[in-house]
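Breakdown of the fold
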Amino acid sequence: MAEFSGECLCGAVSWSSDGPVTRRLVCHRHDCQRATSSPFTAFIGLHSGSLKWYGKINHYESSAGSYRGFCPKCGTRLYFRSGKWPSEVHIHAATLDGGQTYRPTAQVVTRSRATWLDELADIPAHDSFHQPPKES
Ligand SMILES: [Zn+2]
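What counts and what doesn't
Residues numbered from 1 in each chain as written. Predicted model: local features only at pLDDT ≥ 70, side-chain atom pairs only at ≥ 80, totals over all residues. Heavy atoms only, no water. Helix = DSSP H or I, 4+ residues; strand = E, 2+ residues; numbered from the N terminus. Buried < 20%, exposed > 50% of the residue type's maximum accessible area, 1.4 Å probe, protein only. Contact = heavy atoms within 4.5 Å. Donors = N, O, S within 2.8 Å, 3.2 Å for Na, K, Ca; no water. Tetrahedral: all angles 85-135°; square planar, octahedral: opposite > 155°, others 65-115°.

Thoughts on the side chain of Ser5
- Position of Ser5 relative to the elements: it lies in strand β1 (residues 4-7).
- What makes Ser5 buried here is its relative accessible area of 17%.
- Apart from residues no more than four positions distant in its own chain, Ser5 is found in contact with Trp15, Ser16, Thr95, Leu96 and Asp97.

Some details on the coordination of the zinc ion
- Within the protein, the zinc ion binds to Cys8 (SG), Cys10 (SG), Cys71 (SG) and Cys74 (SG); these donor distances fall in the range 2.3 Å.
- Note that the zinc ion binds 4 donor atoms; their angles at the metal cover 107 to 112°, and the shape is tetrahedral.
- Counting the intervening residues between successive donors of the zinc ion yields the motif C-x1-C-x60-C-x2-C. A residue pair is termed long-range when its members are at least 10 positions apart, and Cys8 in the loop between β1 and β2 (14-17) and Cys71 in the loop between β7 (66-70) and β8 (77-82) qualify at 63 residues. Here the two residues Cys8 and Cys71 agree in accessibility, since each one is buried.

Quick look at unusual backbone geometry
- The peptide bond linking Gly19 to Pro20 adopts the cis configuration, its omega dihedral lying at 5°.
- By secondary structure assignment, the location of Pro20 is in the loop between β2 and β3 (21-27).
- Backbone geometry at Ser37 places phi at a positive 55°, although glycine is not the residue there.
- Following the sequence through the fold, Ser37 ends up in the loop between α1 (30-36) and β4 (41-47).
- Note on Ser37: relative accessible area 69%, which makes it exposed.
- In this structure, Val109 takes a positive phi of about 55° despite not being glycine.

Here is the structure:
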């Protein structure tokens, strides 16, 4: 069994790797925010030669030499890779099996970090999505 593995939402694409891990990042870059429709994304960098992919992947060239891979069936974002770092692939950590235990070691491109993240720990938290909405 591989040290790291994961899959998209629908399971049509999966991946595995025995490492090594090159980076454990949270990225706040504006391009990544838009590409993932999320205020930030967590990546685990893995050596490209150790990655095995299963299933069809589409990719989008988001800037010259930089590609974002996604499942063509369910749209799950899978990776970012760039010609700047040809020996590694940044896998979206949310696709990791057991991803709840992922621990980033750095935040990058914090100049575009969503300012409301500073207040996240101070707003009400609920265990489910079944809370009635409140008008403020
Ligand atoms: Zn899928």
